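Read off the chains here:
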Amino acid sequence: GESVGLHLPTLSVQEGDNSIINCAYSNSASDYFIWYKQESGKGPQFIIDIRSNMDKRQGQRVTVLLNKTVKHLSLQIAATQPGDSAVYFCAENSGSGYSTLTFGKGTMLLVSP
Amino acid sequence: GAVVSQHPSWVICKSGTSVKIECRSLDFQATTMFWYRQFPKQSLMLMATSNEGSKATYEQGVEKDKFLINHASLTLSTLTVTSAHPEDSSFYICSARDVGTQYFGPGTRLLVL
């Protein structure tokens, strides 16, 4: 398992700012990616997904960008609010069909009023 | 979106006892459910994939005789932690797949004394 005392990367922003959370994925064969938000003591909540045949997808206040060349995924949150404070995980799905997801290590987003 | 529930939300037990956690998909049928474990400030680690009507597939390093999984119906999967020990204390999260997207339950906090 992970070593004791592991700290999540943290992004601190002011309310109203735009936030960008980055993720490097590992498998060049991955064809489906999801961003999840996890608040303290709760299960992950689906935010937005993107397939490998796209490089950008927009939702409500969120945008996901996919750069397959460098295996990089980002989540942009516009006009960040205190309620956006949580840990954000990217997940990749590789292989054919709907196989299991592999989660990234997560980034903690702290939004101050 | 699809809703997944877990019961109980938290449980405290004595070392050596067994604990059963239920995972239900409330408004959809899930032929596949997943069980994850999450330690503080860490990412989700897949324990096993539960397939309705067949044996679960366990990830490397997860003891199938210790973590018993039963997926008896399209809406219910159970995880039983047998002979629990303090090192089994963790946050256990299930998820169910609906048309390719995985939705997560709220998690079960297990504390073994």
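What you are looking at is a predicted structure, and each value in this text was computed from that prediction instead of being measured.

**Student:** Could you clarify how one ought to interpret the confidence of the model for chain A in this entry?
**Tutor:** Any residue range with low pLDDT should be treated as having predicted coordinates unsuitable for detailed reading. Taken over all residues, the pLDDT of chain A has a mean of 89, while the share at 70 or more is 88%. Overall, residues 1-5 of chain A carries pLDDT values under 50, and its contacts beyond four positions in sequence, including any with other chains, amount to three contacts.

**Student:** Sorry, what's going on with the packing of aromatic side chains here?
**Tutor:** This structure, assessed with the given rule, holds 10 aromatic pairs over all chains. Relative to phenylalanine 104 of chain B, the ring of phenylalanine 103 of chain A has its centre 5.7 Å away and its plane inclined at 75 degrees; by these criteria the two rings are edge-to-face. With phenylalanine 103 of chain A in strand E9 (residues 101-103) and phenylalanine 104 of chain B in strand E10 (residues 101-104), this pair bridges two chains. Here phenylalanine 103 of chain A matches phenylalanine 104 of chain B in class, with each residue buried. Ring pairing ties together the aromatic residues Tyr36, Phe46, Phe89 and Phe103 of chain A together with Tyr36, Tyr103 and Phe104 of chain B, which thus form one cluster. The lysine or arginine in question, lysine 66 of chain B, covers the ring of phenylalanine 67 of chain B, its NZ or CZ lying 6.0 Å from the ring centre.

Parameters at a glance
- Residues numbered from 1 in each chain as written.
- Chains lettered and ligands numbered in written order.
- Predicted model: local features only at pLDDT ≥ 70, side-chain atom pairs only at ≥ 80, totals over all residues.
- Heavy atoms only, no water.
- pLDDT = per-residue confidence, 0-100.
- Contact = heavy atoms within 4.5 Å.
- Phe/Tyr/Trp six-rings, centres within 6.5 Å; stacked < 30°, edge-to-face > 60°.
- Helix = DSSP H or I, 4+ residues; strand = E, 2+ residues; numbered from the N terminus.
- Buried < 20%, exposed > 50% of the residue type's maximum accessible area, 1.4 Å probe, protein only.
- Lys NZ or Arg CZ within 6 Å of the ring centre and 35° of its normal.

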